[in-house]
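What the coordinates show
Read off the chains here:
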Amino acid sequence: MAHFPTNPGFTGAMRPVRLQGDIVDVEIEGEVPDTLDGAFYRVHPDPQFTPKYPDDQFFNGDGMVSMFRFKGGKVDFKQRFAQTDKWKLENAAGKALFGAYRNHLTDDPAVAGQIRGTANTNVMVHAGKLYAMKEDSPLLLMDPLSLDTFGYTDFGGKQASQTFCAHPKIDPATGNMCAFSYMSKGPLTLDMSYMEISPAGELLSEIPFKNKYLCMMHDFGVTEDYVVFNVMPCITGLDRLEKNMPYFGFDHAMPVWMAVLPRKEGATAKDMRWFQAPHNCFTGHVMNAFNDGTKVCFDLPIAAKNSFPFFPDVTGAPFDPVGGMSYLTRWTVDMASNRDSFEKVEKLSNQADEFPRIDDRYATRAYRHGWMLVFDVTKPYEGPGGAFMAITNTLTHIDLATGREKSWWAGPQCGVQEPCFIPKSANAPEGEGWVVALVDNHVTNYSDLCIFDAQHVDEGPIGRARLPIRIRQGLHGNFASAAQMGA
Ligand code: V55
Ligand code: FE
């Protein structure tokens, strides 16, 4: 008998949905470009069963993968759980066996030693497979057409690291997937690694190194010549697990680092440079990174204070919603300098933003176009109580050459999920194409997949694929062409 917790994480707009299924030829309002041939994949956490603890973290839900297949102006929808080892064990038992977020001490003894991953953070097609990712676990492989799950991989025994990040990048020069691992030698270890995976799915390299302290390592940057890590004190430790406290807590007294590793044959941990940020801060998702010679630029939203109310301040200080708002920022360091400090910190936007994306063909390179979600707190909100976080109610295009921003507000009843850019054609100029984003109506409980002209998002969607259900708030996703899908 499913009795979900009655707190804001499980009610109102955050009520679990858990629905798997297919809709052929989704109802369309406006137009879907008929040259669009491929699929947008995205994932959200959705608990298969009621959690063992009523204060369960949103990040602990099982990965539910959605696929929007575009072809000939039509959209087909498919949604399936990622069948992780955890999902299968719990499905067989008919109840939750794994406990609190990333805390194996809270698990049913029957699942001791099992992989705890939920595959709930990102999905991306690479080497003909759909990669479903959670940063505490190995990489899960799924079928890009059926969304069936194959299972975890260690790349044929080649991968030494026990985990795989949720924010890999594709290097447009080689087609290699660039990824990293943290807590590589098991829970609460400082070990990390940088990995590259060929377009054929072969693990080509794995460079081990150690972090400065134990913390969440969520995203990173890759340039043509360097790999960049943002180290910020969203910290953890055994004491927190033993007390069943939230797995992470934010420590405002700790330093923040930008760590840079050269991408060259034979690079080792000894080549890593650690640059200390001028202030403690909260670092968010990475928009892009690039280098001009030895100068390395790293673009990401930065907040003065902790952005995660559910991973509270280690001193017990109350959450500061204004200080927790992040703004797209450019950090620059110089690998030729012998200082350990930054060259420059530039604020690139004055709108509170997160979930930054680019035209991925310009990953690792100097680029012009970005898209992101904005928290426009001046706008009204009519959704139910139980909005989980500040609402990402606005989609914004930023032209980094001019600083000009164009924004579209989704209206008082709606939140917008992470956008994804789709180029008009393989060789279209940068930023020429479409942006897709889920728009969830928290009052009617329906979600629309909205399609925008990428550089004119302010004009509103040119088309909407109107689902007769709500898709739960999610994290990340990516587009794959029909060729990449194997369709
Ligand atoms: C994040 C999300 C996670 C996680 C750790 O957005 C960090 C950051 C969906 O799960 O486990
Ligand atoms: Fe993320």
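Residues numbered from 1 in each chain as written. Chains lettered and ligands numbered in written order. Predicted model: local features only at pLDDT ≥ 70, side-chain atom pairs only at ≥ 80, totals over all residues. Heavy atoms only, no water.

**Regarding the sheet that holds strand β26 (residues 369-374)**
In spatial order, the strands read β25-β26-β27-β28; together these 4 strands make up an open sheet with antiparallel pairing. Either end of the sheet is taken by a strand with one partner, and the two such strands are β25 (353-358) and β28 (405-409). The average undirected angle you get between the axes of adjacent strands in this sheet is 20°. Judged from the 4 bridges that link them, β25 and β26 form a sheet pairing that is antiparallel. Residue pairing across strands places E354 opposite L373, the latter belonging to β26. (Pairing = 2+ DSSP bridges. Helix = DSSP H or I, 4+ residues; strand = E, 2+ residues; numbered from the N terminus. Axes fitted to C-alpha atoms, helices over the stretch in contact; angles between N-to-C directions.)

**Brief notes about the sheet that holds strand β7 (residues 129-133)**
Pairing in this open sheet of 4 strands is antiparallel, and the strands run β6-β7-β8-β9 from one edge to the other. Every interior strand has two partners, whereas the edge strands, β6 (122-126) and β9 (149-153), have only one. Each adjacent strand pair in this sheet contributes to an overall mean axis angle of 30°, direction not counted. Of the strand pairs in this sheet, β7 and strand β8 (residues 139-142) are connected by 3 bridges, and their pairing is antiparallel. The residue of β8 that forms the bridge with Y131 is L141.

**What about the coordination of the iron ion (ligand 2)?**
With distances of 2.0 to 2.1 Å, the protein atoms coordinating the iron ion (ligand 2) are H167 (NE2), H218 (NE2), H285 (NE2) and H476 (NE2). In the primary structure, the donors to the iron ion (ligand 2) are separated according to the pattern H-x50-H-x66-H-x190-H. With H167 in the loop between β9 and β10 (169-170) and H285 in the loop between β20 (282-283) and β21 (288-292), this residue pair connects regions lying 118 residues apart in the sequence. For the pair formed by H167 and H285, the shared burial category is buried. (Donors = N, O, S within 2.8 Å, 3.2 Å for Na, K, Ca; no water. Buried < 20%, exposed > 50% of the residue type's maximum accessible area, 1.4 Å probe, protein only.)

**Examining the packing of aromatic side chains**
Summed over all chains, the structure comprises 31 aromatic pairs. Ring centres 5.9 Å apart and planes at 90° place the aromatic pair Y101 and Y247 in the edge-to-face group. Taken together, the positions of Y101 in the loop between α1 (85-93) and β6 and Y247 in the loop between α2 (238-242) and β17 (249-250) put the pair 146 residues apart, joining distant regions of the chain. The two residues Y101 and Y247 agree in class, both being buried. An aromatic cluster is present here, built from F58, F59, Y101, Y247, F248, F250, F282, F308, F310 and F311 joined pairwise through their rings. (Phe/Tyr/Trp six-rings, centres within 6.5 Å; stacked < 30°, edge-to-face > 60°.)

**Observations concerning the nonpolar core**
F164, F229, M258, F311 and W331 are the most contacted members of the largest nonpolar core, which totals 90 residues. Among all residues touching F311, those that are not within four sequence positions of it are Q57, F59, Y101, M216, C234, P246, Y247, F248, G249, F250 and N306. F68, F70, I422 and V436 belong to the second largest nonpolar core, which has 19 residues in total. (Core = buried A, V, L, I, M, F, W, Y, C linked by side-chain atoms within 4.5 Å. Contact = heavy atoms within 4.5 Å.)

**Focus: the site of ligand 1**
F59, Y101, N120, T121, K134, E135, M216, H218, H285 and L475 make up every residue found near ligand 1. Between an oxygen atom of ligand 1 and a side-chain N or O atom of Y101, the distance comes to 2.5 Å. Contact distances for ligand 1 include 3.4 Å between an oxygen atom and a side-chain N or O atom of H218. Class assignment for the residues of the shell around ligand 1 results in 4 nonpolar, 4 polar and 2 charged. (Near = heavy atom within 4 Å. Polar contact = N/O pair within 3.5 Å; in protein donor to acceptor, adjacent residues only side chain to side chain. Nonpolar A, V, L, I, M, F, W, Y, C, P; charged D, E, K, R; others polar.)

**Remarks on α1**
Restricting attention to buried positions, one finds in α1 the residues K86, W87 and E90. Seen from one end, α1 has its buried residues packed into an arc of 95°, which puts them on one side. In this structure, the buried residues of α1 make contact with β5 (74-81). Residue G94 follows α1 closely and has a positive phi angle near 75°. (Arc of directions from axis to C-beta.)

**Describing the environment of I302**
Relative to the helices and strands, I302 resides in strand β22 (residues 295-303). The exposure class assigned to I302 is buried, which follows from its relative accessible area of 13%. Taking C-alpha positions, I302 is 8.0 Å from M325, a pair spaced 23 residues apart along the chain. In this structure, I302 is in contact with C281, F282, T283, M325, S326, Y327, T329 and W331, ignoring residues within four places of it in sequence.

**Focus on the environment of R18**
One can find R18 in the segment before β1 (21-23). Residue R18 is classed as partly exposed on the basis of its relative accessible area, which comes to 31%. Considered as a pair, R18 and I471 are 453 residues apart in the sequence and their alpha carbons are 9.3 Å apart. Ignoring sequence-local partners within four residues, the contact set of R18 consists of A2, F4, D46, P47, Q48, F49, M64 and F81.

**Thoughts on unusual backbone geometry**
Positive phi, close to 60°, is recorded for R102, a residue that is not glycine. Structurally, the position occupied by R102 is in the loop between α1 and β6. R102 sits in the buried class, given a relative accessible area of 8%. Backbone geometry at A119 places phi at a positive 50°, although glycine is not the residue there. By the element assignment, A119 lies in the loop between α1 and β6. For A119, a relative accessible area of 2% gives the class buried.

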